[in-house]
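Topology and contacts: notes
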Amino acid sequence: MQSQSRFVFEHAPGHLIRRAHQISVAVFAEETAAHGMTPVQFAILNTLMAQSGIDQVTLAGRVAFDAATIGSVIGRLEKKGWLRRQAADADRRRKLLWPTPEGEQAMLAMKGSVERVQRRLLKPLAPAERQQFVDLLRKLVTSHEHAAAD
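Because the structure is predicted, anything quoted here is derived from the model rather than measured.

Reading guide: rules and limits
- Residues numbered from 1 in each chain as written.
- Predicted model: local features only at pLDDT ≥ 70, side-chain atom pairs only at ≥ 80, totals over all residues.
- Heavy atoms only, no water.
- Helix = DSSP H or I, 4+ residues; strand = E, 2+ residues; numbered from the N terminus.
- Rg over C-alpha atoms; globule rule 2.2 N^0.38 Å.
- Buried < 20%, exposed > 50% of the residue type's maximum accessible area, 1.4 Å probe, protein only.
- Lys, Arg positive; Asp, Glu negative; His and termini not counted.
- Charge placed at Lys NZ, Arg CZ, Asp CG, Glu CD.
- Polar contact = N/O pair within 3.5 Å; in protein donor to acceptor, adjacent residues only side chain to side chain.
- Contact = heavy atoms within 4.5 Å.

As a further point, take the overall build of the protein chain. Helix and strand counts for the protein chain stand at six helices and three strands. Listing the helices and strands of the protein chain from first to last along the sequence gives α-α-β-α-α-β-β-α-α. Since a compact globule built from 150 residues should have a radius of gyration of about 15 Å, the 19 Å found for the protein chain marks it as more spread out than a globular shape. Its C-alpha atoms put the protein chain at 65 × 40 × 30 Å along the principal axes. Sorting the 150 residues of the protein chain into buried and exposed places 27% on the buried side. Put simply, the protein chain has 21 plus and 15 minus side-chain charges, and the middle of one group is 3 Å from the middle of the other.

Here it is, written out as structure tokens:
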């Protein structure tokens, strides 16, 4: 007989979010294996395609990645030839980032795979639930980001 005072972590939002993240990463890996790009690398290149020439700290904030460790991910992208970094003229310590033409090609080649990832993740939900789920996730994340900034 189980104790009624036991915390049922299987139903806890934190546990379910962690499991959803694990599933998301696994599906991403399956769908994009041929491209050799991680979800964080994809987020970085995708962000830089929208706004090139930003610095590493700004980029870290935009992709919600630790500013202290993003440099190693950027270094791997640079080694692949998908990204270039250059010191800013006004402050040589500040590194500005651009996707290379090869990086842009890699991103374009992944577009269909990444779209399949999103469809697979939401497939268990009814069509009407999909947008609601995404809206609620966005609300949860935005609310916590604003609370952390205060």
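There is more to say, and it comes next.
The residue Thr100 is located in the loop between strand S3 (95-99) and helix H5 (101-122) in this model. A distance of 2.5 Å separates the side chain of Thr100 from the backbone oxygen of Gly81, its partner in a polar contact. Excluding residues that lie within four positions of it along the chain, Thr100 makes contacts with Gly81, Trp82, Leu83 and Arg84.

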